[in-house]
Structures are given as C-alpha cells and as structure tokens.
Amino acid sequence: MAENSGTGRHPRFDDDLIGLDPDDPEAREFAAHLDRMQRCEPAFTIEASLRGVGEFADGSNRAGGLRWWVAVLIVLLIVAGVLVAAWDTLGNLLEWLAR
C-alpha cells in the first residue's frame, strides 16, 4: 500500500524539534514556521516578492483582532500609495502630451 504523502513526518522533528509530537497540528505549524523563517533565497525576484505577499496574506488571515486590523491598514496604505503615484504619473503624462 502507498503511504499517505500528506501526513509524512517532517524532518525538523528529528533535528530541531526533538521531543515534540509530530502528529500534533500545532507542532507541525511550528515546523512550517521554522522553515519559512530559515529560508535563504534571493528576495529580489518577482517570484520571491509574490511568495512574500502570499505569506503576508496567509499570516494576516491567521491573525485576529488588532493584528488583523493592522494588516488591513498596511494593505490600504499600500493601495492608496499606488493610486496616488499612478494619478500623479497620469497627470504628468497628460501635461507632457498637452505641450
């Protein structure tokens, strides 16, 4: 019979998390958190930037209360900054074209 690949043992339980129950969902989440924290890859590529945005979205979805509202505020400020920059660029472009 084939093994269930979705519930495989994480290698961190043999190295860093000795003594924790590998079947505990919180311990698995902590192992995944350690993997994300120790990831060493270039962050200046588009793929890494999108992965970072995805991790921010996942983290903010897991958060609750004040942390969730702070994440929403950060996203709104970023969107407002992009809209202001686009409006300014469009205005400068139309002014340049009107000459």
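All of these numbers come straight from a predicted model, not from anything done at the bench.

Calculation notes
- Residues numbered from 1 in each chain as written.
- Predicted model: local features only at pLDDT ≥ 70, side-chain atom pairs only at ≥ 80, totals over all residues.
- Heavy atoms only, no water.
- Helix = DSSP H or I, 4+ residues; strand = E, 2+ residues; numbered from the N terminus.
- Buried < 20%, exposed > 50% of the residue type's maximum accessible area, 1.4 Å probe, protein only.
- Contact = heavy atoms within 4.5 Å.
- 1 Å grid on protein atoms, 1.4 Å probe; cavity = no way out; pocket = protein on both sides within 12 Å on 5 of 7 lines; lining within 4 Å.
- Points joined across faces, edges and corners; volume = space filled by probe spheres on them.
- Nonpolar A, V, L, I, M, F, W, Y, C, P; charged D, E, K, R; others polar.
- pLDDT = per-residue confidence, 0-100.
- Polar contact = N/O pair within 3.5 Å; in protein donor to acceptor, adjacent residues only side chain to side chain.
- Phe/Tyr/Trp six-rings, centres within 6.5 Å; stacked < 30°, edge-to-face > 60°.
- Patch = residues over 30% accessible without salt bridge, like charges linked within 9 Å, V, L, I, M, F, W, Y side chains within 5 Å.
- Areas by Shrake-Rupley, 256 points an atom, 1.4 Å probe, with all protein chains shown as cover.
- Salt bridge = Lys/Arg side-chain N within 4 Å of Asp/Glu carboxyl O.

Draft legend 1. Geometry of the overall build of the protein chain. The secondary structure content of the protein chain amounts to four helices and zero strands. When its helices and strands are written in sequence order, the protein chain yields α-α-α-α. When each of the 99 residues of the protein chain is scored for burial, the buried share is 10%. In the protein chain, of all internal contacts separated by at least 6 residues, the share reaching a separation of at least 24 is 9%.

Draft legend 2. Main features of the layout of surface pockets. Counted as a void, the largest pocket has a volume near 200 Å³. In this structure, the largest pocket is lined by Glu55, Phe56, Gly59, Ser60, Arg62, Ala63, Arg67 and Ala71. At the level of secondary structure, the elements contributing two or more residues to the lining of the largest pocket comprise α3 (46-62) and α4 (66-98). Of all the elements, α3 adds the most residues to the lining of the largest pocket, at five residues. A breakdown of the residues in the lining of the largest pocket according to their chemical character gives three nonpolar, two polar and three charged.

Draft legend 3. Looking closely at the confidence of the model for the protein chain. Here the protein chain averages 80 in pLDDT, and 86% of its residues register 70 or above. Note that pLDDT drops below 50 for residues 1-5; the model gives that stretch zero contacts with residues more than four away or on any other chain.

Draft legend 4. The arrangement of the side chain of Ser60 in detail. As for its position among the elements, Ser60 is in helix α3. Here Ala57 takes part through its backbone oxygen, which lies 3.0 Å from a polar atom of the side chain of Ser60. If near-sequence neighbours (up to four positions away) are discounted, Ser60 is found in contact with Trp68 and Ala71.

Draft legend 5. Spatial organisation of the packing of aromatic side chains. Applying the stated criterion to the full structure yields one aromatic pair. When the ring of Trp68 is compared with that of Trp69, the centres are 4.8 Å apart and the planes differ by 85 degrees; the resulting orientation is edge-to-face.

Draft legend 6. Quick peek at a nonpolar patch on the surface. The grouping of Phe56, Leu66, Trp68, Trp69, Val70, Ile74, Val75, Ile78, Val79, Val82 and Leu83 at the surface amounts to a nonpolar patch, some 1,100 Å² of accessible area in total. Sort the elements by how many residues they give to the nonpolar patch and α4 lands first, with ten residues. In this structure, Val75 sits in helix α4. Val75 sits in the partly exposed class, given a relative accessible area of 39%.

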